Amino acid sequence: MVASMLNTPATILPASFTHRHLLGIDDLSRSDALHILDRAEYYIQKNREPDKKHAILKGRTLINLFFENSTRTRTSFELAGKRLGADVINMSVATSSTKKGETLIDTAMTLNAMHPDFIAVRHPESGAVHLLARKVNCSVINAGDGCHEHPTQALLDALTILQYKEKVAGLQVAICGDILHSRVARSNIKLLNLLGAHVRIIAPPTLMPACPESFGVEVFTNMRKGLKDCDIIMMLRLQTERMEGNFIPSFREFFHFYGLDEEKLSFAKPDALIMHPGPINRGVEIDSKLADDINRSIILQQVEMGVAVRQAVLEILANNE
Amino acid sequence: MVASMLNTPATILPASFTHRHLLGIDDLSRSDALHILDRAEYYIQKNREPDKKHAILKGRTLINLFFENSTRTRTSFELAGKRLGADVINMSVATSSTKKGETLIDTAMTLNAMHPDFIAVRHPESGAVHLLARKVNCSVINAGDGCHEHPTQALLDALTILQYKEKVAGLQVAICGDILHSRVARSNIKLLNLLGAHVRIIAPPTLMPACPESFGVEVFTNMRKGLKDCDIIMMLRLQTERMEGNFIPSFREFFHFYGLDEEKLSFAKPDALIMHPGPINRGVEIDSKLADDINRSIILQQVEMGVAVRQAVLEILANNE
Amino acid sequence: MVASMLNTPATILPASFTHRHLLGIDDLSRSDALHILDRAEYYIQKNREPDKKHAILKGRTLINLFFENSTRTRTSFELAGKRLGADVINMSVATSSTKKGETLIDTAMTLNAMHPDFIAVRHPESGAVHLLARKVNCSVINAGDGCHEHPTQALLDALTILQYKEKVAGLQVAICGDILHSRVARSNIKLLNLLGAHVRIIAPPTLMPACPESFGVEVFTNMRKGLKDCDIIMMLRLQTERMEGNFIPSFREFFHFYGLDEEKLSFAKPDALIMHPGPINRGVEIDSKLADDINRSIILQQVEMGVAVRQAVLEILANNE
């Protein structure tokens, strides 16, 4: 029970969740987030059994509308939908072709006319998912929009932390690397703050957003200082595809200063755990051996939690239609 | 009831439909078409409910075999099949590689050996779908072949007209734009004539087929004259990918003479409705504001009708095996 | 009954099959192979009925992880999984991008964390599938790895032979063409030997592996001599994509010496049957008319048997978890 892990009795969890969409952590209250995490716990167990199938979304339609490639996230949503009994349609759309704004809205309105119940959208432009949500009748789930939000990633990260630390409140969590271009960082900062963690961000000045303190975090450019006594280290992926210009001198130099290795890890708590949203650039963000160290790295557990969290989100949004 | 809309008592609808395939409107009798439209009405309602699932095609297999890209049509067939309980397999085949005729037949025979019940085929060459249908044991549905036919599009267009005008017979329908390259126009002319509409075609001389009068339509090169007192205006997509050479001086000039705007629309009846098979080239075939005018444009309703019509076609062909 | 065809009473078939994976024919005993073939017979009939659906894999997940394109094999596995009630996820991964070994293992571990029950893997490198199988908890099925093995192809070939010749033991089987690069040849040689056939291989010296006699086959470079009194002729596809350098002078010269035509076929037994794993290069490996001769060619029956064999493999591995 997540509720008990957070010292919150289950009975105060909300009977209902009043949002039609999941566009960002920004829209969620603490009890909304706990409600999703609590329900996801059920699916963790269920997914470990041979029969992983439910009928609760039978007859519903989920469309995975991906304007950016992401086999991992698309597969996670596809499995979540299918295991709940929904019909799942995958659509990959290249955005390069024409005027993007028009394509997005025309595509969304066309799909909407086919009466899906959910659209999970990934789009390279921040805010595109909100625009789309205003145009359609179904529930929209933000599967990552530009440098803005990736709420199911933050929820699966919180669920993973809860599995290992049995709480989020009070933990020291360091988020390290390319903060500037990371929707994962933005969503995680919001959710971790909502759940009572102490969040630090660590980045070189070129990959630090403007006014980082406004996020309600401690800010470090020195990784060793930033990792001091941390419980959780969230490494980010270098979003080279979203970088215009030169943000780092070289991968080698980036690893030297901001890559996680045994030596830098030694500054964190002895039981500190390592997370990464994947896919990993081995030897750039993280030492390859550390990434595979089953005593420290919980990267694969994040993937497992991803399916469960997305099942919980689909179920809760469906109840709310 | 479509039957009553057409002043035809339901009892004269055929108890059975004797075709194994749906290759073109050419093969259909008036009562065949009414039978499909009548059945599609049922699915319109069903698709608006949370549980859109049926079991009538449980255990059947639909293969979507697309030699041309079309996310919209493929998704519509995929949803139609899945909502009826069928297993749906998507196959996109690039035709550029080798000798096309061989590839088509070898691909069809290979798929046929896997015992599908339906193959929905889109192919860039006119007649390719008929060739394929002669080689396989299952039902073949033409999802568009070259400049030839696109029967489910014509059926969904008729269904959309029936939803708004409650009849087809007697209506003045103008089909405008790139008639020469349009399988949508060919299938629509046939079906609208079959159902008793008065059809006009409007195109510049370069985009008009030879002997257009032989289609049983009125022919116009002046759009204002062609739209005079129309009930329905079907704009076509400029099929630039099927144009070899220069058919129009420029998009700008095309829009000036043949693009639908408020001024040209004023020649049609005050309650005339605007249709387009999509995707729209905004500002080329149609003024962007008009395309979005919910009092005049029924473009998104066409998309909705598309799923229902394809469900009806699959169901009727399955009953007929 | 396959068992009786092989003069083996059904009662000695194994009650269980003790392998978690199907990585190659190398791992199978004769009774393992017979068990799969016997079970596949059931699915042949079932796939010819309108309702081809079973529930035995309901709630299970099959991931088709293809690092090489193969619409045919992927579709066959997809149909096999869906017809048994499993949820099926398709993943196509381009290997060209980065360091292949890492990508493979990271991809496999990521998928494994989502709790699939089966992964069917095709990979361009020999041995990649074995590496992957050591890292995951689910059942792995080799859908073709480099020049190494393609066990379900050999099983479907044996099933096809059984359908027409009612036995495998004692038959003269000639495998002809690009033996060097063929995983189909390797798996077939092993399985045919296991089932008691006499196997010959026929290839030009440049497409013959080193020490061919070590495979337990008769070796020919003259096709007419190799085909003499054969019961079965298995033609191979020229794996031009796996050839580095010049292995054949020209397609024309290859066909002259090693392409199957009426004249060369006349050296085989009068009732010899022609097989090919597809897709065929017509006029290169085989005369186009012969490929379509329904009295001699059982190429399409191989495709049909493919779905049944893969259903049997999935069912047997599932019972074995």
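What you see is a predicted model; the values in this text were computed from it and never measured.

Enquirer: Looking at this structure, how should I read the interface of chain B and chain C?
Expert: A common way to express how large an interface is: the accessible area buried when the components associate. Every contact between the two is made by 19 residues of chain B and, on the other side, 21 residues of chain C. Counting each side, the surface lost to burial between chain B and chain C is near 1900 Å², with a carbon and sulfur contribution of 56%. On the surface where chain B and chain C come into contact, there are four salt bridges. One salt bridge connects Asp106(B) with Arg282(C), and the closest N-O pair in it is separated by 2.7 Å. Between the two partners, chain B and chain C, sit 11 residue pairs in polar contact (both at pLDDT 80 or more).

Enquirer: Please explain the side chain of Thr107(B) as it appears in this structure.
Expert: Topologically, Thr107(B) is positioned in helix H4 (residues 100-112). When residues no more than four places from it in sequence are discounted, the contact partners of Thr107(B) are Leu65(B) and Phe67(B).

Enquirer: Could you clarify how one ought to interpret the interface of chain A and chain C in this entry?
Expert: With 21 residues of chain A at the interface, the matching set in chain C holds 19 residues. Summing the contributions of chain A and of chain C, the shared interface buries around 1900 Å²; its carbon and sulfur component is 57%. Broken down residue by residue, the surface that chain A buries against chain C is led by Lys53(A), Arg282(A) and Leu300(A), which jointly contribute 25%. There are four salt bridges connecting chain A and chain C. If you list the elements that add at least two residues to the side of chain A that touches chain C, you get helix H3 (71-83) and helix H12 (299-319) of chain A. In terms of residue count, H3(A) provides more of the side of chain A that touches chain C than any other element does, nine residues in total. Within the side of chain A that touches chain C, the residues separate by chemical class into five nonpolar, five polar and 11 charged.

Enquirer: Sorry if this is basic, but what is going on with the relation of the copies chain B and chain C here?
Expert: Here two copies of a chain appear, and what relates them is a rotation about an axis with a shift along it. The transformation that overlays chain B on chain C combines an axial shift of 0.0 Å with a rotation of 120 degrees, and the residual RMSD is 0.0 Å. What the superposition gives is, in effect, a three-fold axis relating one chain to the other.

Enquirer: Help me out: how do you make sense of the packing of helix H3 (residues 71-83) of chain C against helix H12 (residues 299-319) of chain C in this one?
Expert: When two helices pack together, their arrangement is given by the angle between the helix axes and the distance between those axes. Residues and elements named next belong to chain C. One way to put it is that H3 packs onto H12 with a least axis distance of 8 Å and a crossing angle of 50 degrees. In terms of axis orientation, H3 runs oblique to H12. Seen along the crossing, H3 lies across H12 with a hand that is right-handed. Counting all contacts with H3, which are made through Arg 72, Thr 73, Ser 76, Phe 77, Leu 79, Ala 80, Gly 81 and Arg 83, the residues of H12 involved are Val 303, Gly 306, Val 307, Arg 310, Gln 311 and Leu 314. Of the residues belonging to the contact of H3 with H12, the class tally is six nonpolar, five polar and three charged.

Enquirer: Before we go on, may I ask you to explain unusual backbone geometry in this structure?
Expert: Both trends apply: most residues other than glycine have a negative phi, and most peptide bonds are in trans. Omega for the peptide link from Gly278(A) to Pro279(A) comes to -15 degrees, which places this bond in the cis form. Inspection of the secondary structure assignment puts Pro279(A) in the loop between strand S9 (273-275) and helix H11 (288-291). For Glu166(B), which is not a glycine, the phi torsion comes out positive at approximately 60 degrees. One can find Glu166(B) in the loop between helix H6 (151-165) and strand S5 (172-176).

Enquirer: Would you explain the pattern of salt bridges in this entry?
Expert: Oppositely charged side chains are able to pair whenever their charged atoms sit close together. All names here are of chain A. Here the structure, examined in full by the defined rule, presents 54 salt bridges over all chains. As a salt-bridge pair, Glu 149 and Lys 190 come within 2.9 Å of each other at their nearest N and O atoms. One end of the pair, Glu 149, is in the loop between strand S4 (139-145) and helix H6 (151-165); the other, Lys 190, is in helix H7 (residues 183-194), with 41 residues separating them in the sequence. Assessed through its relative accessible area of 25%, Lys 190 is described here as partly exposed.

Enquirer: Quick question: what am I supposed to make of the environment of Ala291(A) here?
Expert: Residue and element names in this part refer to chain A. Along the chain, Ala 291 turns up in helix H11. By relative accessible area, which is 8% here, Ala 291 ends up buried. Placed 15 residues apart in sequence, Ala 291 and His 276 show a C-alpha to C-alpha distance of 8.8 Å.

Enquirer: Just to check I follow, could you spell out helix H9 (residues 251-258) of chain A for this structure?
Expert: Since the α-helix packs 3.6 residues into each turn, any two residues three or four apart lie on the same face. Residue and element names in this part refer to chain A. When H9 is considered as a whole, its buried residues turn out to be Phe 254, Phe 255 and Tyr 258. On an axial view of H9, the arc spanned by its buried residues comes to 100 degrees, and they lie on one face. Facing away from the buried side of H9 by more than 90 degrees, the exposed set consists of Arg 252 and His 256. Buried residues along H9 sit against strand S6 (198-202), helix H8 (223-227), strand S8 (232-235) and helix H10 (262-265).

Calculation notes
- Residues numbered from 1 in each chain as written.
- Chains lettered and ligands numbered in written order.
- Predicted model: local features only at pLDDT ≥ 70, side-chain atom pairs only at ≥ 80, totals over all residues.
- Heavy atoms only, no water.
- Contact = heavy atoms within 4.5 Å.
- Buried area = accessible area lost by both parts, 1.4 Å probe.
- Salt bridge = Lys/Arg side-chain N within 4 Å of Asp/Glu carboxyl O.
- Polar contact = N/O pair within 3.5 Å; in protein donor to acceptor, adjacent residues only side chain to side chain.
- Helix = DSSP H or I, 4+ residues; strand = E, 2+ residues; numbered from the N terminus.
- Nonpolar A, V, L, I, M, F, W, Y, C, P; charged D, E, K, R; others polar.
- Least-squares fit on C-alpha atoms with pLDDT ≥ 70 in both.
- Axes fitted to C-alpha atoms, helices over the stretch in contact; angles between N-to-C directions.
- Parallel < 35°, antiparallel > 145°, perpendicular 65-115°, else oblique.
- Left-handed = near helix turned anticlockwise from the far one by under 90°.
- Buried < 20%, exposed > 50% of the residue type's maximum accessible area, 1.4 Å probe, protein only.
- Arc of directions from axis to C-beta.

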